[in-house]
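# Coordinates in review
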Amino acid sequence: MIIMKTEVNVSDILRRNVFDFMLNCTDNDYQRWWPGTHLAFHTIKRYPNNLGNLVYFDEYVGKRRLKFNAKVTELVPDKRLVWQMEAIIRLPAWLSIDIEANESGVKIIHTLAIGFLGIGKIFDSILRLYCSSKFQYELGEHAKTEFHKLADLLS
């Protein structure tokens, strides 16, 4: 399993606002968040209580364009959201956003986990070709920048 985790402290923002934004984001909201980098993010199918929602993401991380559908597989109101990437089938890739209140605002923990459990771990070496150290660095920098931009957008 490849785990890419970035922690970002963001001032003057509330957990509730981050959580609500991530659950209810539209393409227009996403594009205003980071013009030219965030291209699309919207809910394709919504379920009661949002668990199981299917969303579409399209963004640049560095020069790499990431486009995917993802399903909300875990949700703790105002604290945690987890999406699992999908193509025709669910992929071995999860994006989680954990939000913790702190004295100045929030700490947002952005984690991308890619890989297999059990015997499937033998395929993780192939995934490492896609998740190079350069990509991991760029993803971390992307998360730091985007969450500070989100605070500006929501304030």
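## A few points about unusual backbone geometry
Even without a glycine there, the phi angle at N50 is positive, about 70°. Within the fold, N50 resides in the loop between β2 (38–45) and β3 (54–61). At D78, a residue that is not glycine, the phi angle is positive and equals roughly 65°.

## Thoughts on the side chain of D29
With respect to the helices and strands, the residue D29 is situated in helix α2 (residues 27–33). Classification of D29 by relative accessible area gives buried; the value is 17%. In contact with D29, not counting residues within four places along its chain, are F21, N24 and L153.

## Quick notes on the environment of L150
Relative to the assigned elements, L150 resides in helix α4 (residues 133–154). On the accessibility criterion, L150 (0% relative accessible area) is buried. Along the sequence, L150 and W34 sit 116 residues apart, while their C-alpha atoms lie 8.3 Å from each other. Leave out the neighbours within four places in its chain, and L150 touches I13, V18, F21 and W33.

## So, the nonpolar core
In summary, soluble globular proteins display a tendency toward joint burial of nonpolar side chains. Among the nonpolar cores identified, the biggest contains 38 residues, and V10, M22, F41, F57, W83, L112 and F147 are the most heavily contacted of them. For this core, the element with the most residues is α4, which contributes 6 residues.

## Remarks on the confidence of the model for the chain
Scored by pLDDT, the chain has a mean of 91; 90% of the residues are at 70 or more. Here helix α3 (residues 124–130) stands out as the element of the chain with the lowest mean pLDDT, 64, in contrast to β2, whose mean of 98 is the highest.

## Quick look at the packing of aromatic side chains
On inspection of all chains with the given rule, the structure shows 8 aromatic pairs. Consider the rings of Y30 and F41, whose centres lie 5.2 Å apart with planes at 70°: the pair is edge-to-face. With a gap of 11 residues between them, Y30 in helix α2 and F41 in strand β2 connect regions that are remote in the sequence. Considered together, Y30 and F41 belong to a single accessibility category, that of buried residues. Of the aromatic side chains, those joined through ring pairs into one cluster are F21, Y30, W33, F41, F57, F68, W83 and F147.

## Section: the pattern of salt bridges
If you walk through the whole model with that rule in mind, you get 12 salt bridges. Between R32 and D29 there is a salt bridge, with its nearest N and O atoms 3.1 Å apart. Pair noted here: R32 and D29 are both in helix α2, with a separation of 3 residues, about one helical turn. For R90, the salt bridge identified is with E86, shortest N-O distance 3.7 Å. Bridged by salt links that share partners, the residues K5, E7, E100 and K107 form one connected network.

Conventions and cut-offs
- Residues numbered from 1 in each chain as written.
- Predicted model: local features only at pLDDT ≥ 70, side-chain atom pairs only at ≥ 80, totals over all residues.
- Heavy atoms only, no water.
- Helix = DSSP H or I, 4+ residues; strand = E, 2+ residues; numbered from the N terminus.
- Buried < 20%, exposed > 50% of the residue type's maximum accessible area, 1.4 Å probe, protein only.
- Contact = heavy atoms within 4.5 Å.
- Core = buried A, V, L, I, M, F, W, Y, C linked by side-chain atoms within 4.5 Å.
- pLDDT = per-residue confidence, 0-100.
- Phe/Tyr/Trp six-rings, centres within 6.5 Å; stacked < 30°, edge-to-face > 60°.
- Salt bridge = Lys/Arg side-chain N within 4 Å of Asp/Glu carboxyl O.

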